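# Structure at a glance
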Amino acid sequence: MTQAAAAVVRRQIIVQAPIERAFTVFTERSGDFKPPEHNLLGTAIAETVFEPRVGGHIYDRGVDGSECRWARVLAYEPPARVVFSWDIGPQWQIETEPENTSEVEVRFVAETPQRTRVELEHRNIDRHGPGWQAVRDGVADVAGWPLYLSRYAALFTEGNIEFPLSLTHSSKPRTLRGDGAVA
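Residues numbered from 1 in each chain as written. Predicted model: local features only at pLDDT ≥ 70, side-chain atom pairs only at ≥ 80, totals over all residues. Heavy atoms only, no water.

### A word on unusual backbone geometry
Most peptide bonds take the trans form, and the phi angle of most residues other than glycine is negative. A cis geometry characterises the amide bond from Pro-78 onward to Pro-79, with omega recorded as -5°. Tracing the chain through its elements places Pro-79 in the loop between strand S4 (67–77) and strand S5 (81–86). The backbone phi angle of Trp-92 is positive, close to 55°, even though this residue is not glycine. Of note, Trp-92 is situated in the loop between S5 and strand S6 (102–112). (Helix = DSSP H or I, 4+ residues; strand = E, 2+ residues; numbered from the N terminus.)

Rendered as structure tokens:
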């Protein structure tokens, strides 16, 4: 595997929703599926804000009013795709130099009028510099993008604790249980 191939994490999930709703839930309710323990603030998160425009930010606002801007919106094309920077470095601190950040592209593909495939690609992770593998390993881990996507999918299945998901890393199919465990 080349360094370029190793510097990419891919995941996908199917949700039972029209493409427009899948996109809207991802961008307008990101705070509902972002785990609260994924927090760089010194206080509890009151809300996660996704500014729906190129040049906007994704940030957490603490209960004390403090803010942590951890991503910049690079492309916003409803309902097909959104691209944002990943401004969190190998020590899990905010990276202020844009050239040292990676990118996350999320594509929404209608499989049927009521079923959407959500494809996530976290790329250019090696731009984080020395220790970039920690970022790759963290986002690829079950507590990384798989957790985010399983929590996202749960927003479409009210009251359903055990829900079937199709989750893939590159071409290897995997299934996530409702408790977030990989089967």
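### Points about the layout of surface pockets
As a volume, the largest pocket reaches approximately 270 Å³. In terms of lining residues, the largest pocket is bounded by 15 residues, among which His-38, Trp-86, Ile-88, Trp-92 and Tyr-148 are the most central. Put simply, the parts of the chain that give the lining of the largest pocket at least two residues each are helix H4 (132–140) and helix H5 (145–154). In terms of residue class, the lining of the largest pocket is built from nine nonpolar, four polar and two charged. (1 Å grid on protein atoms, 1.4 Å probe; cavity = no way out; pocket = protein on both sides within 12 Å on 5 of 7 lines; lining within 4 Å. Points joined across faces, edges and corners; volume = space filled by probe spheres on them. Nonpolar A, V, L, I, M, F, W, Y, C, P; charged D, E, K, R; others polar.)

### Brief notes about the nonpolar core
If you look at the biggest cluster of nonpolar residues, it comprises 37 residues, and the most contacted ones within it are Phe-84, Trp-86, Val-106, Phe-108, Trp-145 and Tyr-152. Here Phe-108 is in contact with Ile-19, Ala-22, Phe-23, Phe-26, Pro-79, Ala-80, Arg-81, Val-82, Thr-116, Arg-117, Val-118 and Tyr-152, once residues within four sequence places are set aside. (Core = buried A, V, L, I, M, F, W, Y, C linked by side-chain atoms within 4.5 Å. Buried < 20%, exposed > 50% of the residue type's maximum accessible area, 1.4 Å probe, protein only. Contact = heavy atoms within 4.5 Å.)

No statement about biological role is implied by the geometric values presented.
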